[in-house]
Amino acid sequence: MGVLPDGPPPLLGPYTRVFQADPAFAGHLERELGVWEERGGLYFAESPPHPVFWHRNLWEAPFIAQFDSISGAAKILRDIQRNWAPILWTQFRRGALIAQKLPPISRKPRPFPWVIPDTPMGAWTLLDHRTLAVSADCTSPFPAGVIDFPEDHHGPPSRAYLKLWEALVLAGSFPAAGERCFDAGASPGGWTWTLANLGASVVACDRTPLDARIAALPGVTFVKHDAFTLNPQDIGPIDWLFCDAACYPQRLLGWIEKWLASGLCKRFVCTIKMQGSLDGTGANTVDFDTPRRFAALPGGRVVHLYHNKHELTWLGF
Ligand SMILES: C[S@@+](CC[C@H](N)C(=O)[O-])C[C@H]1O[C@@H](n2cnc3c(N)ncnc32)[C@H](O)[C@@H]1O
């Protein structure tokens, strides 16, 4: 296994990581990486000294393997582990034949709450007709970083619940019945709807009203207020703090630091909203620094969820 001596010069060359871009945010990934080589949305790069967030999946231990036949390629992968997601940008037919010889992986929408199975999900691509690039260790447990849920078109008043579902599934932890949640920037109420459905008690806070159906759900209390002018002591001990408020990342960070200092909350799920646009000039205003400060907080991590738009998610627990 590994690099065979008589192979072509491997594309991986000096690079030690492969980042799978989210096509809409590839420009952000390029700015985070600085130096890279791209093939079909896969960025071959060194790991920079700072964390990199704007990707769907990071291949943490990629290597090159050469093969002589379709069966040989499939055997290389099967001998490592069961689950493999292909990301093909060339050699599509050959790639499809290799994939057919691997155990099937389900891409069905997952019900919420869903517990991720305890079996790793690897990723592979073809660099040419006899060269695989492979990583058994990947940051995303979802095939190619993608997870879909069966959408509920009737219960929630917005589609924002999908990113909360993904965040909780990824964290492998869900508010339990009776736990106390504070939902900042809650309106119209997709996140509050999710939390109430789990049986949690929710204090939903926003400057604009909740959807009336959500405000009437059992266990939901609405507070019309600027969430960031409320101190942790005004709210008291809570099990979970959720924040999807549209605000500057620095403002959110300052408020979260108060919560951490108070010791009044155990777990946090917060959206870090980017203010810059995705076009050329606006991209220069994207805040790359504050997400790194979130990532440096004790415990937790910052991710770009499949359901995130121009925003990141801090999972603080
Ligand atoms: C993207 S929406 C939230 C969607 C919500 N999570 C859902 O699932 O329906 C952003 C919300 O943040 C609220 N917001 C912005 N600044 C706020 C602040 N300082 N305090 C409270 N809410 C705020 C806005 O009024 C808006 O309702």
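All of the points below concern the structure found in this document. Every chain is numbered on its own, with residues counted from 1 as its sequence reads. Only residues with pLDDT of 70 or above have their local features reported here, since the model is predicted, and side-chain atom pairs are shown and tallied only from 80 upward, although totals for entire chains, interfaces and linings are computed over all residues. Excluding hydrogens and water, the side-chain values take into account all heavy atoms of the structure.

1. Considerations on the site of the ligand
Our working rule: A single heavy atom is enough: if one lies within 4 Å of a molecule or strand, its residue is considered near that molecule or strand. N or O atoms closer than or at 3.5 Å make up a polar contact, with two conditions inside protein: a donor-capable atom paired with an acceptor-capable one, and, for residues adjacent in sequence, both atoms drawn from side chains. Every accessible area reported is derived by Shrake-Rupley at a probe size of 1.4 Å, with residue values counting cover from the shown protein chains alone. When residues are sorted by character, Ala, Val, Leu, Ile, Met, Phe, Trp, Tyr, Cys and Pro go into the nonpolar class, Asp, Glu, Lys and Arg into the charged class, and all the rest, Gly among them, into the polar class.
Taken together, 21 residues form the shell around the ligand, and within it S158, W191, D206, D226 and D244 come nearest. In the model, an oxygen atom of the ligand is placed 2.6 Å from a nitrogen or oxygen of the D206 side chain. Contact distances for the ligand include 3.4 Å between an oxygen atom and a backbone N or O atom of A246. In the complex, 86% of the free accessible area of the ligand, which totals 610 Å², lies under the protein chains. Per-class residue counts for the shell around the ligand are eight nonpolar, seven polar and six charged.

2. Overview of the sheet that holds strand β4 (residues 57-59)
Rules: Paired strands, as defined in this entry, are two strands with at least two bridges between them according to DSSP. Going along the chain from the N terminus, every DSSP run of H or I of four or more residues is numbered as a helix, and every run of E of two or more is numbered as a strand. Comment: axis = line fitted to C-alpha atoms, over the contacting stretch for helices; angle = value between 0 and 180 degrees taken between N-to-C directions. Any two residues whose heavy atoms approach within 4.5 Å at even a single point are treated as in contact.
Overall, antiparallel pairing links the four strands, which are arranged β2-β3-β1-β4 in an open sheet. Both outer strands of the open sheet, β2 (37-39) and β4, are each paired with one neighbouring strand and no more. The average undirected angle you get between the axes of adjacent strands in this sheet is 25°. Across four bridges, strand β1 (residues 17-20) lies against strand β3 (residues 42-45) in antiparallel orientation. By the bridge assignment for β3, F19 is matched with Y43. Lying on the sheet, helix α1 (residues 26-33) is in contact with β1 and β3; it crosses β3 at an angle near 5°.

3. Details of helix α5 (residues 190-197)
Operational definition: Only protein chains enter the calculation, and the probe is 1.4 Å; a residue is then buried if its accessible area is under 20% of its type maximum, exposed if over 50%, and partly exposed in between.
Counting buried residues in α5 gives seven out of eight residues, a clear majority hidden from the surface. Taken residue by residue, α5 has G190, W191, T192, W193, T194, L195 and A196 as its buried positions.

4. Re the pattern of salt bridges
Cut-off, in case you're wondering: Any Lys or Arg side-chain nitrogen found within 4 Å of a carboxyl oxygen on Asp or Glu counts as a salt bridge.
Evaluation of the coordinates by the stated rule reveals 13 salt bridges. A salt bridge links D244 to K163; the nearest nitrogen and oxygen atoms lie 3.1 Å apart. One end of the pair, D244, is in the loop between β12 (238-243) and α8 (249-262); the other, K163, is in helix α4 (residues 161-171), and 81 residues separate them in sequence. The burial state of D244 is the same as that of K163; both residues are buried.

5. With respect to the packing of helix α2 (residues 70-78) against helix α3 (residues 92-100)
Rules: An angle counts as roughly parallel when it lies under 35 degrees, as roughly antiparallel when it exceeds 145, as roughly perpendicular when it falls between 65 and 115, and as oblique in every other case. Note on convention: near helix rotated counterclockwise from far helix by under a right angle means a left-handed crossing. Clockwise means right-handed.
At a minimum axis separation of 9 Å, α2 and α3 run at an interaxial angle of 55°. Here α2 is positioned oblique relative to α3, judged by the angle of their axes. Crossing of α2 over α3 shows right-handed handedness. Residue-level contacts link I70, A73, A74 and L77 of α2 to R94, L97 and I98 of α3. Looking at side-chain class alone, the contact of α2 with α3 contains six nonpolar, no polar and one charged residues.

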